[in-house]
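Coordinate inspection notes
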Amino acid sequence: FLLIVLGLVVLTGLPWYVGQIEPDCFTAITVLCSYLLTFHARRLGWARGALILIIGAFAASTHPSHILLVAGLVVVAGVFKILSIVHHNRPALAHANVTLPILTALIAVCLIVVSNYELTGKAFFNRTGSVFVFASLLQDGLVTRLLDDECPQAHYALCKYKDHLPPTAERWLWFPESPFNKLGRFKGTAAESQRIVMDIVRAYPGGLFLSTLDDTAHQLVTFRTGDQIEPQEWVLYPDLDRFIPRQMLSYMDARQQQGRIHFGIVNAIDLSVETLAQLGLIWMLAVSVRQRRWNVAILLGFLGVAIIGNAFICGALSNPHDRYQSRLVWMPVFALALLGADRLFSLRLKAESGT
C-alpha cells in the first residue's frame, strides 16, 4: 500500500492539488466512499461502515458538485441493481446497497445548510450555482445569442453590456473590468443569471445540448497538473492585505507569486501516466466483463462513470478546467495498481501453497 501511495505521489498530480486550499482533495474520497458503501457494505460491518459513511458525508459536503456526483452514482447503481434483479444475474449488482450512499448525500446536504446558516444566519444550499452556469453559457456563446435576439424588449440588466461581454467565463467572473462587478457580482447577478439560464433552456435546447456535449468532452481530456498554482495576487491581494497585512511580504515573495513553479517535467509524467491509466481502465473493464470477473468490472465501471460524471458536472455546469478533472484522474492509476498488487499477492500465495 505504501508503494502504491508513493507511486501516486510521484506519477500523478495528486500531491499538487491536495496542497491547494481547495476541496478537490475530497472529490475522489467521496467517490471511493460511495463505492464501498454501495458494493461492500456487508463486508465492512457496521463499525467500519459507519466510519466510511461519516467520512463520505463530510467529503461530499465540501463542494456542491460532490453532492451531484454522489446522486448520479446512486442513480446508475440503482438502475443496474434493478436490471440485475429482473434478469436474475450479476449477483454482485443485485446486492448493491443504494440506501447508504443516499444517506451520505442527505447528511452532506444537511451539513451544507447548517454551515451556511451558521455563517450567514440564513438556511440555504447554494446561491451561486446559476451564476456559474451562466458563465459557462456565456463562454459557449449562448448568452450573447439570447441577448442579440431578445434585447431590449426582454429588459435584462445585461442588455446595455451585450456588446462588451468578456469571451470567457474566467474573465466574466474574476477580471475587474467585467460587467459582472458593475452589476453586483454574485449577489447582484444571481436572479438575472437564473432567468437567462432558463430562457436559454427554452429558446435553444439543441444548442444547449451540443454545447453540453462539447464541454463534457473537453473536460474529459483537460487534466494538466498546475492549474491554479500560478500567481494569483491580482485577485487575492486586496482581501489578504486587509486581513493579514503582516504576512504579505512573505506571500508576495513565495515561488508561486513569483511565477517560479514550472510544470513541464511534471506534466510530461502526469499526463502520460494518467492517460495510459484511463485507457488501461477501459481495457481492463472489457477484459473483466468478458471473463465475468464482476467485482473487478464493477469497481472499474464505477470509477469510469464517476470520471465521466465529473466531466459533465464541472465541464458543462461550470466550464472546463484542468483542476476539475485532475482531481479524479489519479483513481484509474490507483485501481490498476490495486488490481496488480492483488494479482501478485494471489500468485505468491499459490506458489507458497505449492499449487
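Fair warning: this is a prediction, and the values are worked out from it, not measured in the lab.

**What about unusual backbone geometry?**
- Look at the link from C151 to P152: it is a cis peptide, with omega at 5°.
- Among the structural elements, P152 can be located in the loop between α9 (142-150) and α10 (169-174).
- Positioned with a positive phi, H155 is a non-glycine residue whose angle comes to about 60°.
- Counting through the fold element by element, H155 comes out in the loop between α9 and α10.
- Looking at H155, the relative accessible area reads 66%, which means it is exposed.
- Notably, R185 is not glycine yet its phi reads approximately 50°, a positive angle.

**A short note on the side chain of N267**
- Mapping N267 onto the fold places it in helix α16 (residues 264-290).
- With residues near it in sequence (within four places) discarded, N267 still touches R224, T225 and S272.

**Details of the state of the cysteines**
- Following the criterion strictly, the structure yields 1 disulfide and no others.
- At a sulfur-sulfur separation of 1.9 Å, the disulfide partner of C151 is C159. Between C151 and C159 the sulfur-sulfur dihedral comes to about -80°; the bridge is accordingly left-handed. For the pair shown, C151 and C159 are each scored as buried.
- Cysteine C25 shares no disulfide, and the gap to the nearest cysteine sulfur, in C33, comes to 13 Å.
- With relative accessibility at 22%, the residue C25 sits in the partly exposed group.
- Owing to a relative accessible area of 6%, C33 belongs among the buried residues under this scheme.

**Remarks on the environment of V131**
- Of note, V131 is situated in helix α8 (residues 129-139).
- On the basis of relative accessibility, which here comes to 0%, the residue V131 falls in the buried class.
- Distance in space between the C-alpha atoms of V131 and S318 is 9.0 Å, their sequence separation being 187 residues.

Definitions and cut-offs
- Residues numbered from 1 in each chain as written.
- Predicted model: local features only at pLDDT ≥ 70, side-chain atom pairs only at ≥ 80, totals over all residues.
- Heavy atoms only, no water.
- Helix = DSSP H or I, 4+ residues; strand = E, 2+ residues; numbered from the N terminus.
- Buried < 20%, exposed > 50% of the residue type's maximum accessible area, 1.4 Å probe, protein only.
- Contact = heavy atoms within 4.5 Å.
- Disulfide = S-S within 2.5 Å.

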